[in-house]
Amino acid sequence: MTIVANILGELFAPTTAAYALAAIGLNIHFGMTGLMNMGQAGFMLLGAYGFAITQMHGANLFSSVLFALLLAAVYALLLGIPTLKLGPDYLAMVTLAAAEIVRIVGRSTSMTNITGGSAGIAPQDFTTRFEDLSPLPDGTSTFLIWTYNNNIANSWWLRIVAWVLVALCAFLCWRWFRSPWGRVLKGIREDENAIRSLGKSVTKYKMQALIVGGLFGALAGVVFVLPRSLNPDSLGRTVTFYTWTILLLGGAATIMGPILGSCVLWVLLTAVKETMRVTIPSTVISSNQIEALGWIIVGVALMLLVIFRPQGILGNKKELAFNG
């Protein structure tokens, strides 16, 4: 029962919610506008730093979240101004490099007094006010087969807040996808020259999409670090690649695709690892090898999905016709 609880618990885990938020932001970039953002982890890390550092200095929660969003917006402007008038390859290279620059600067020894350097920031330094805001009593609670702490770390309170944010962001995307603004973005994705011929500023709309998707990435970063310490290496390149995997797995240019993709990826990965731990003796394969083999098996499954259903679980093949 514990194994089943661990596997199914990934369906609504805070990390699953954080990746869903990051993939929703990436969906605005790529699925909605056709922007090749290969550095969503950079937005997440800046959001996490903005929230944690301001919390360490006594700011209230609302101010900390606003500062995290402001950092993401400024970051998007700095990335977009020199690249959005160029081809998508330039944006991909710049976002990938910029995310690495943010991570390397954050972990540098010269930034230890601000970001904690490579050791990062301990959770007790920035999660207290969030936990104090919880209306739930202290202690633990059990719902069906899951038992978690009510307020501390990987808690029910964090799960509630995280999935409310996911639902709110998904609702906003649903509205935006059907708005005139969303239709312009979709037109840019399919044929930006046609949109330009109608007198629309393509660069302006791309910048708006880059900023909005980055804001969702910053929120994802805040949710991601709340149950753990803020370590810059935990928000590196692999996080961006996981986010892309989630988006393509669930289906780009769909509302529920990023959420479904996040749930499926983490449940599948946990199920594979837990099954191997139970069925394969430790004398045959070590715990570290199980971690690596789990990713290999899931990776092969995702490759088969890309081959036989390239649009993802919920996607539409017509939505893949970018710049066609």
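You'll find the structure just up there.
Residues numbered from 1 in each chain as written. Predicted model: local features only at pLDDT ≥ 70, side-chain atom pairs only at ≥ 80, totals over all residues. Heavy atoms only, no water.

Trainee: What is the right way to look at the packing of helix H3 (residues 40-56) against helix H5 (residues 88-107) in this model?
Mentor: Any two packed helices are characterised by how steeply their axes cross, that is the angle between the axes, and by the distance between the axes. Running from amino to carboxyl end, H3 crosses H5 at an angle of 35°, the nearest separation of the two axes being 8 Å. Judged by residue contacts, Gly42, Leu45, Leu46 and Tyr49 of H3 engage Ala99, Val102, Arg103, Gly106 and Arg107 from H5. A class-by-class count of the residues in the contact of H3 with H5 yields five nonpolar, two polar and two charged. (Axes fitted to C-alpha atoms, helices over the stretch in contact; angles between N-to-C directions. Helix = DSSP H or I, 4+ residues; strand = E, 2+ residues; numbered from the N terminus. Contact = heavy atoms within 4.5 Å. Nonpolar A, V, L, I, M, F, W, Y, C, P; charged D, E, K, R; others polar.)

Trainee: What exactly am I supposed to notice about the state of the cysteines here?
Mentor: Counted according to the given criterion, the structure contains zero disulfides. Here Cys169 is not disulfide-linked; the sulfur of Cys173 is the nearest cysteine sulfur, at 7.0 Å. Here Cys263 stays free of any disulfide, with the sulfur of Cys169 as its closest cysteine sulfur at 15 Å. Cys263 gets classed as buried once you look at its relative accessible area, which sits at 13%. (Disulfide = S-S within 2.5 Å. Buried < 20%, exposed > 50% of the residue type's maximum accessible area, 1.4 Å probe, protein only.)

Trainee: Looking at this model, I keep getting lost on the nonpolar core. Mind explaining?
Mentor: Nonpolar side chains tend to gather and get buried jointly when the protein is soluble and globular. With 86 residues, the main nonpolar core has Tyr75, Phe126, Val166, Leu230 and Leu235 as its most contacted residues. If you tally residues by element for this core, the top one is helix H10 (residues 202-225), at 14 residues. Excluding its chain neighbours within four sequence positions, the residues that come into contact with Tyr75 are Gly42, Phe43, Leu46, Thr95, Ala98, Ala99 and Val102. Counting seven residues, the second-largest nonpolar core is a separate cluster that includes Leu26, Met38, Ala92 and Trp244. (Core = buried A, V, L, I, M, F, W, Y, C linked by side-chain atoms within 4.5 Å.)

Trainee: What exactly am I supposed to notice about unusual backbone geometry here?
Mentor: Most peptide bonds take the trans form, and the phi angle of most residues other than glycine is negative. The phi dihedral of Leu144 falls on the positive side, at around 55°, and the residue is not glycine. Topologically, Leu144 is positioned in the loop between strand S1 (140-143) and strand S2 (146-149). Judged by relative accessible area, Leu144 falls into the exposed class, the value being 64%. A positive phi angle, near 65°, is found at Ala253, a position not held by glycine. Assignment of secondary structure puts Ala253 in the loop between helix H11 (237-250) and helix H12 (257-279).

Keep in mind that these numbers describe shape and distance, not what the molecule does.
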